[in-house]
Each structure stands twice: as C-alpha cells, then as structure tokens.
Amino acid sequence: METRKGKKGRKGPRPQTSIKMEPEVAEYLERLAELMQRDRTFLINAIVSEHAHRHRGKLPPRLQIISI
C-alpha cells in the first residue's frame, strides 16, 4: 500500500480501489488527463472531492487544480 506526505506533513495509507467505467467516461477522463497533464487518479480524487464539497460531504479541503 502506498503512503503519502502532503503539504501539511500528513502521512497515511492510500487505499487502492478498482472501478469499472462506461467507455465514454473512460475516454473523457483520458482526454482530460492529457489536457490537464495529470494522472487519472488525481482527477478522480479531485472530481469526487469537489462533488462531496458541493453536496456537503465531509472530506479534507479540495484538491487545488492549477490551470495550464
């Protein structure tokens, strides 16, 4: 299992998951990853985090996405 150390010095395990996507969703995610020069994992985390914040989910602060 991977560990991470964020800007604030937090460290913790990153649970590994597996999901199946509709082909159109996977294609969109791949194009978005290329456009933003990010990997799919980052984008999925950012999208889910944003959704949770909009719908009052309890998550850490949003991931900052820097425009290119």
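I will try to describe carefully the structure that is included in this document. (Residues numbered from 1 in each chain as written. Predicted model: local features only at pLDDT ≥ 70, side-chain atom pairs only at ≥ 80, totals over all residues. Heavy atoms only, no water.)

For helix 1 (residues 23-36), built from 14 residues, the straight-helix expectation of 20 Å at 1.5 Å per residue is met to within 8% by its first-to-last C-alpha distance of 20 Å. When helix 1 is considered as a whole, its buried residues turn out to be Leu29, Leu32, Ala33 and Met36. One side of helix 1 carries all its buried residues, which in axial view fall inside an arc of 100°. Opposite the buried face of helix 1, by more than 90 degrees, sit the exposed residues Pro23, Glu24, Glu34 and Leu35. Those residues of helix 1 hidden inside the fold are in contact with helix 2 (40-54). Immediately downstream of helix 1, the backbone of Gln37 shows phi near 55°, a positive value. (Helix = DSSP H or I, 4+ residues; strand = E, 2+ residues; numbered from the N terminus. Expected span 1.5 Å × (residues − 1). Buried < 20%, exposed > 50% of the residue type's maximum accessible area, 1.4 Å probe, protein only. Arc of directions from axis to C-beta. Contact = heavy atoms within 4.5 Å.)

In this structure the tally under the stated criterion is 2 salt bridges. The salt bridge partner of Glu27 is Arg31, with a shortest N-O separation of 2.9 Å. On the criterion of helical spacing, the pair formed by Glu27 and Arg31 is a turn pair, its members being 4 residues apart in helix 1. Overall, Arg31 belongs to the partly exposed group, its relative accessible area being 48%. For Arg54, the salt bridge goes to Glu50, with nearest N and O atoms at 2.9 Å. In this pair, Arg54 and Glu50 are both assigned in helix 2, 4 residues apart and thus about one turn of the helix distant. Assessed through its relative accessible area of 25%, Glu50 is described here as partly exposed. (Salt bridge = Lys/Arg side-chain N within 4 Å of Asp/Glu carboxyl O.)

Further remarks concern unusual backbone geometry. Phi angles above zero are rare outside glycine, and Gln37 is one such case at about 55°. Looking at the secondary structure, you find Gln37 in the loop between helix 1 and helix 2.

In short, shape yes, function no, at least from these values alone.
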